[in-house]
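What the coordinates show
Each chain, letter by letter, is given below.
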2 protein chains.
Amino acid sequence: MTSNPLGNNKVMQVGVIVENIEETVKAWSRLLGVEPPSIAITDSFNISNAHYQGKPTPAQAKLAFFDLGQVSLELIQPMGEPSTWNDQLAAHGSSLHHIAFEIKGMEEHIQGLTEQGLGLIQRGEYGGGRYAYLDGQKQFGTVIELLEND
Amino acid sequence: MTSNPLGNNKVMQVGVIVENIEETVKAWSRLLGVEPPSIAITDSFNISNAHYQGKPTPAQAKLAFFDLGQVSLELIQPMGEPSTWNDQLAAHGSSLHHIAFEIKGMEEHIQGLTEQGLGLIQRGEYGGGRYAYLDGQKQFGTVIELLEND
């Protein structure tokens, strides 16, 4: 870890787990006075290579993003399990889930954070990048997501 | 509510409830590679006029802010009760609590959101401004905080 482990410190995203993404998209659109964004489904396992607690998982999620300037608000409705998304919905209902930072060098960053005691909960790929969720609940009060876009 | 109820849509703040703010400040400082911010205590009731569920509350909190560009990350350690901060810590442990938006016209905005079914959980004053927390958990997946700075 360098003295600036997350690079530019830019919060990329705040992630919210929701029970019904269609309804939640409507509510946020009304609140923000913007058009509803489209709802996408995360890639299936053959593309996502998603792993939860070190093991492959078929879990997916429905996603929608609101652009709020520097930050995007990501709504996530779990589909299937096991996943960190599903765990959060089961334990806490619709609720804030993570703060995401964009980084370069996923493996070093995962290693740096796991050396600090954060467990790697889940990781996966998407077209043009990859993500990892680390369990920062105790130390940081939140799941930390690392995002690397190529 | 206008077609753009929150004005500029700027997320001002992401709020995190923590059990031990001194330790959490150290952890975030290391992660972000920045100097630890100072820790302040919210004003006592004679200044804050804090109300929880419509009734005066003596509850306070320790606060620390990290400036992350457009957004500030607010760490909050509850002190005393009743408060939304204390409720969250009791129910969910250290965890993300709210997304805050800066608005102008607190009373109209509270009215607009309560008309949409969001309960007013807590409100109060601070030097130069005021806040209100609304229960957006079901509709938005998060507590919504309104901040009005004079």
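Predicted model only: the values in this text are computed from it and were never measured.

What follows covers the interface of chain B and chain A. Between chain B and chain A, the residue contacts involve 37 residues of the former and 37 residues of the latter. The largest contributions to the chain B side of the interface with chain A come from Leu31(B), Leu96(B) and Phe140(B), which together make up 22% of the buried area. Here chain B and chain A share zero salt bridges between them. Viewed at the interface, chain A and chain B are joined by 10 residue pairs in polar contact (both at pLDDT 80 or more). Those elements that provide at least two residues to the side of chain B that touches chain A are β1 (11-17), α1 (21-32), β6 (71-79), β7 (95-102) and α5 (137-140) of chain B.

One pass over the structure, following the stated rule, counts 10 aromatic pairs over all chains. Summarising the aromatic geometry, the rings of Trp28(A) and Phe101(B) are spaced 6.2 Å apart at their centres and angled 50° between planes, so their arrangement reads as tilted. Of this pair, Trp28(A) sits in helix α1 (residues 21-32) while Phe101(B) is found in strand β7, placing the two residues in two different chains. Here Trp28(A) and Phe140(B) contribute two aromatic rings whose centre-to-centre distance is 5.0 Å and whose plane-to-plane angle is 75°, an arrangement assigned as edge-to-face. Placement of Trp28(A) in helix α1 and of Phe140(B) in helix α5 is noted, with the two residues assigned to different chains. Phe140(B) matches Trp28(A) in its accessibility class, with the two residues each being buried. Clustering of aromatic rings is evident, with ring pairs tying together Trp28(A), Phe101(B) and Phe140(B).

A few words now on the pairing of strand β8 (residues 119-126) of chain B. Residues and elements named next belong to chain B. Sheet topology note: the strand β3 (residues 51-52)/β8 ladder contains two bridges and is antiparallel. Bridge pairing in β8 links His51 to Arg123. Of the strand pairs in this sheet, β8 and strand β9 (residues 129-135) are connected by seven bridges, and their pairing is antiparallel. Within β9, the position partnered with Leu120 by the bridge is Leu134. Linking two consecutive strands that pair antiparallel, namely β8 and β9, is a turn of two residues; a positive phi of about 90° is found at Gly128 within it.

So, about the pattern of salt bridges. Any two side chains of opposite charge can pair if their charged atoms end up close together. One pass over the full model with this rule turns up 12 salt bridges over all chains. We note a salt bridge from Arg130(A) to Glu125(A), for which the minimum N-O separation is 3.6 Å. On the basis of relative accessible area, Arg130(A) is assigned to the buried category, the value being 18%. When the shortest N-O distance is used, the salt bridge between Glu22(B) and Lys62(B) registers 3.1 Å. Of this pair, Glu22(B) sits in helix α1 while Lys62(B) sits in strand β5 (residues 60-68), and the two are 40 residues apart along the sequence. You can call Glu22(B) partly exposed: its relative accessible area is 35%.

Turning our attention to the relation of the copies chain B and chain A. Superposing chain B onto chain A requires a rotation of 180° together with a translation of 0.0 Å along the rotation axis, leaving an RMSD of 0.0 Å. The transformation relating the two chain copies, once decomposed into turn and shift, fits a two-fold axis. A shared interface surface links the copies, since 100% of the contact residues of chain B are contact residues in chain A too.

What counts, and where the lines are drawn
For every chain, the first residue of the written sequence is number 1, and numbering continues from 1 onward in sequence order. Just so you know, chain letters begin at A and ligand numbers begin at 1, following the order they were written in. A pLDDT threshold of at least 70 governs which residues receive local features in this predicted model, and a stricter bar of 80 or more applies before side-chain atom pairs are shown or counted, although totals over entire chains, interfaces and linings include all residues. Side-chain numbers here rest on the full set of heavy atoms in the structure, without hydrogens or water. Here a residue-residue contact requires only that any non-hydrogen atoms of the pair lie within 4.5 Å. Here the quantity called buried area is the accessible surface, traced with a 1.4 Å probe, that two parts lose on coming together, added over both. Note on definitions: salt bridges are taken to be side-chain nitrogens of Lys or Arg within 4 Å of carboxyl oxygens of Asp or Glu. Here a polar contact means two N or O atoms within 3.5 Å. Within protein one must be a hydrogen donor candidate and the other an acceptor candidate, and residues neighboring in sequence count only if both atoms are side-chain atoms. Counting from the N terminus, the helices are the DSSP runs of H or I reaching at least four residues and the strands are the DSSP runs of E reaching at least two. Only Phe, Tyr and Trp rings are paired, with Trp represented by its six-membered ring, and only when their centres lie within 6.5 Å; those with planes under 30 degrees apart are stacked, over 60 edge-to-face, the remainder tilted. Relative accessibility thresholds used throughout: buried, under 20% of the residue-type maximum; exposed, over 50%; partly exposed, between the two (1.4 Å probe, protein chains only). For two strands to be treated as a pair, DSSP must find at least two bridges joining them. Least squares is used to superpose the copies, and the fit set is the C-alpha atoms of residues whose pLDDT is at least 70 in both copies.

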